[in-house]
Amino acid sequence: MQQYSSLPDQNSRIDATPKLLTTIQQLRAHLWLESSLNQLQSHLNDYLISACNTVPQTETAQAEIFQTVVNEINSAVNSSNLALTDCAVGIALFQPQETVATVYYVSHSPSPNSQPLFLEVLKSQKKLLLRLQEVIELEDLQQLENQQPPSAWPLADDSGSVMGWLIIAAAPLISDRDSIRESQVQLRSHFMARSANNCTTALVQLRQILSWQQRYQQLSNSNQELERTNQLKNQFLANTSHEIRTPLSSIIGFTHLLLAPGFAPTKERQEEYLNIIQSSGKHLLALINDILDLSKIEANQMEVQWEILDVQLLCSNVLALVKEKAANKGLKLCLELEPDVTTLVADPLRLKQMLLNLLFNALKFTSIGSVGLQVAPKGAFMHFTVWDTGSGISQEDLAQLFQPYFQVAKAVADGVEGTGLGLAVTRKLAQIHGGSVKVESEVNHGSRFTLVLPFKPEVGVWGDGEAGEGKFSSFPLPLTPSSSVDILLVENDLPNGDLMQIYLRKLGYQVTWVKNATEMWETLRELDPVVILMDVCLADGDGLKLVQQLREHWQYKTIPVIVQTAMAMKGDRETCLAAGVNDYISKPIDLPLLARLVAKYSKAPE
């Protein structure tokens, strides 16, 4: 029987040795590759985690990623025992629309005696030195990417666009066997390609992290603003509730007293009660006006009517309005005008509003001494300074003084009435005029508020447009009541209708009052009124649509129509005029203004 040995013969042992060595080298190379890539990925992950806990700048964060990649590649290549030779690793970045890239990151060989390393562009036979701030043509980088073996690998951003290249400059590989040299080249290329991919992935993740952080910060800021707005709303509602309830209490209380059976006050006492009721009503109206003004300003809907104003006359008129309040508190009222104070271009109604806000505040917080208005031109601006000898304002309160709804702590503690809207409205009106409001104050030493306005504000147009409802109040029209003048009043609100009818009849007009659209059409068959007073909101129709219908009938087409409405926002008056209305008056009804409008439109043509 033929015997077979289980031991390999001599030739077989010689043939197996190189294969075994090759397998071991491949295993070592594979282990080095995965270990180095894992080390690189671990450091990148550590930085991304730290970026999640901080808010780094985008450029700083990207720089950390690039430097980490360069350092880790250099360390892995130069510390291996795979005979990969000395090398330097760098990253070149470029901006869109540019044709060159600049080397911003370079790691150097750990060998102190190493020679400078070059990038060899085989196609053009160029040698490019790898060093910081070296400028490399994009065409050369693309050739380094495409040549074999490659020396550059693209780095893309999260949109897929190339933002730079990972590059390596290495000394030539030395080996007595071509197969070993080729495997080393492939290993290094594979390692660089995967490192570039890890770098790109880290950059994309970093962008996402920074985007999430930015979104989180925006949401956090929005939440804080919402919380602040909610607090201001609650504070405003509390202040407004107090402001509304206080005068309403006076109105209801004194009205109840006057109507009480058996109560017969003297004429003087009755006038006193009625004055209190009227004053309380005006306070409520002022509160509503402040809220509407602030809403208009914040919505960029405030209309300004520019006029050339006599400053001295305007200031005298303003002080006349606060004279009584100053006298009631025993305060001296002063007006100081420099001789060269003449005219100013501004909205007269809004300028009066700003000055009155400042003067009433000064009077409110002054118990003893004086309140004054000082006016002086300075350069291209007019300075209106309202000063007082009152309680002053703390530095802490000064910082928030012009915030909407803010009230000085001492004023709240002392029960001083106010909603915290006046100064906010004043500053915003000043800004609309191209000016500002400044304040100087010291506790127990009074305050100085300075309204600074340009002589002629820089606006697109001035002197155009209607002056609005405030302009109507200045009509110097004589009242010409006549028993032959018929007025048709269309008003569904009983108190307002009763008030207007009584007032106009007292002036001598014949007033026919109807409460809805149906009654209006029936009355018009028998009555030929010279003026129609039309409520905008009726139970059975829209007043503006009724005006349009009137204009479609030839017999009613020329009858003047004045609408009375609670609408008082921007555009309401224009809407009424577009419907065919001749004029407009807002509620609460200003009775003298109503009389002037009726007199104007009921006057017989000459």
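Look a little higher up for the structure.
Bear in mind the structure is a predicted one, so any value in this text is a computation, not a measurement.

Draft legend 1. Just the overall build of the protein chain, in detail. Scanning the protein chain for helices and strands turns up 16 helices and 21 strands. Counting across all 606 residues of the protein chain, residues that qualify as buried make up 43%. Sequence separation of at least 24 residues holds for 68% of the intrachain contacts in the protein chain that already meet a minimum separation of 6. Carbon together with sulfur atoms contributes 52% to the accessible area of the protein chain, which is approximately 33,900 Å² in total.

Draft legend 2. Spatial organisation of the packing of helix α5 (residues 267–298) against helix α10 (residues 422–432). Two numbers describe how α5 lies on α10: the axes approach to 10 Å, and their chain directions differ by 40°. Classified by the angle between their axes, α5 and α10 sit oblique to one another. Taken as a pair, α5 and α10 cross one another with a handedness that is left-handed. In this structure, α5 uses Asp-290, Asp-293, Leu-294, Ile-297 and Glu-298 to contact α10, whose residues at the interface are Ala-424, Val-425, Lys-428, Leu-429 and Ile-432.

Draft legend 3. Focus on the pairing of strand β6 (residues 152–156). Counting buried positions along β6 yields four of five residues, so the element is predominantly enclosed. Two elements, β6 and strand β7 (residues 162–170), share five bridges in a ladder whose sense is antiparallel. Across the sheet, Trp-153 pairs through a bridge with Leu-166, a residue of β7. A loop of five residues connects β6 with β7, the two strands running antiparallel in sequence, and Gly-160 in this loop sits at a positive phi of about 90°.

Draft legend 4. The arrangement of the packing of aromatic side chains in detail. Applying the stated criterion across every chain, the model contains six aromatic pairs. When the ring of Phe-66 is compared with that of Tyr-105, the centres are 5.4 Å apart and the planes differ by 50°; the resulting orientation is tilted. Here Tyr-105 lies in strand β2 (residues 100–107) and Phe-66 lies in helix α2 (residues 58–79), a separation of 39 residues in the sequence. Judged by its relative accessible area of 1%, Phe-66 is buried.

Draft legend 5. Just the sheet that holds strand β5 (residues 135–137), in detail. The five strands are arranged β5-β2-β1-β7-β6 in an open sheet whose pairing can be described as antiparallel. For this open sheet the edge positions go to β5 and β6, each flanked by a neighbour on one side alone. For this sheet the average axis-to-axis angle between neighbouring strands, irrespective of direction, equals 35°. When β2 meets β5, the two strands line up antiparallel, connected through three bridges.

Draft legend 6. The packing of helix α7 (residues 348–364) against α10, seen in detail. Between α7 and α10, the shortest axis-to-axis distance is 9 Å and the interhelical angle comes to 145°. When you trace α7 past α10, the crossing you get is left-handed. Between α7 and α10, the contacting residues are Arg-350, Gln-353, Met-354, Asn-357, Leu-358 and Asn-361 on the first element and Gly-422, Leu-423, Val-425, Thr-426, Leu-429 and Ala-430 on the second. The class makeup of the residues in the contact of α7 with α10 is six nonpolar, five polar and one charged.

Draft legend 7. Focus on unusual backbone geometry. Here the bond from Gln-148 into Pro-149 is cis, since omega is -5°, no more than 30 degrees from zero. By secondary structure assignment, the location of Pro-149 is in the loop between α3 (138–146) and β6. Phi at Gln-133 takes a positive value of approximately 70°, unusual for a residue other than glycine. Turning to its location among the elements, Gln-133 is positioned in the loop between β4 (126–129) and β5. The phi torsion at Asn-444 lies on the positive side, around 70°, for a residue other than glycine. Inspection of the secondary structure puts Asn-444 in the loop between β13 (436–441) and β14 (447–454).

Draft legend 8. Structural context of α5. Here α5 contains 32 residues, and its C-alpha end-to-end distance of 47 Å stays within 8% of the 46 Å for a straight helix at 1.5 Å per residue. Every buried residue of α5 is listed here: Tyr-273, Ile-277, Ser-280, Leu-284, Leu-287, Asp-290, Asp-293, Leu-294, Lys-296 and Ile-297. Looking one or two residues past α5, Asn-300 carries a phi angle of roughly 55°, positive in sign.

Draft legend 9. Inspection of the sheet that holds β14 at higher detail. Taken together, five strands build an open sheet; the order of strands is β9-β11-β12-β14-β13 and the sheet is mixed. Strands at the two margins of the open sheet, each flanked by one partner only, are β9 (332–337) and β13. Here the average twist between neighbouring strands, direction ignored, is 15°. In the sheet, strand β11 (residues 370–378) pairs with strand β12 (residues 381–388) via eight bridges, with the strands oriented antiparallel. Its bridge partner lying in β12, Gly-372 is registered against Trp-387. Of the strands in this sheet, β9, β11 and β12 are in contact with helix α6 (residues 311–328), which crosses β9 at around 170°. Against the sheet, α10 makes contact with β13 and β14, and its axis sits at roughly 135° relative to β13, the strand it touches most.

So, how was this worked out
- Residues numbered from 1 in each chain as written.
- Predicted model: local features only at pLDDT ≥ 70, side-chain atom pairs only at ≥ 80, totals over all residues.
- Heavy atoms only, no water.
- Helix = DSSP H or I, 4+ residues; strand = E, 2+ residues; numbered from the N terminus.
- Buried < 20%, exposed > 50% of the residue type's maximum accessible area, 1.4 Å probe, protein only.
- Contact = heavy atoms within 4.5 Å.
- Areas by Shrake-Rupley, 256 points an atom, 1.4 Å probe, with all protein chains shown as cover.
- Axes fitted to C-alpha atoms, helices over the stretch in contact; angles between N-to-C directions.
- Parallel < 35°, antiparallel > 145°, perpendicular 65-115°, else oblique.
- Left-handed = near helix turned anticlockwise from the far one by under 90°.
- Pairing = 2+ DSSP bridges.
- Phe/Tyr/Trp six-rings, centres within 6.5 Å; stacked < 30°, edge-to-face > 60°.
- Nonpolar A, V, L, I, M, F, W, Y, C, P; charged D, E, K, R; others polar.
- Expected span 1.5 Å × (residues − 1).

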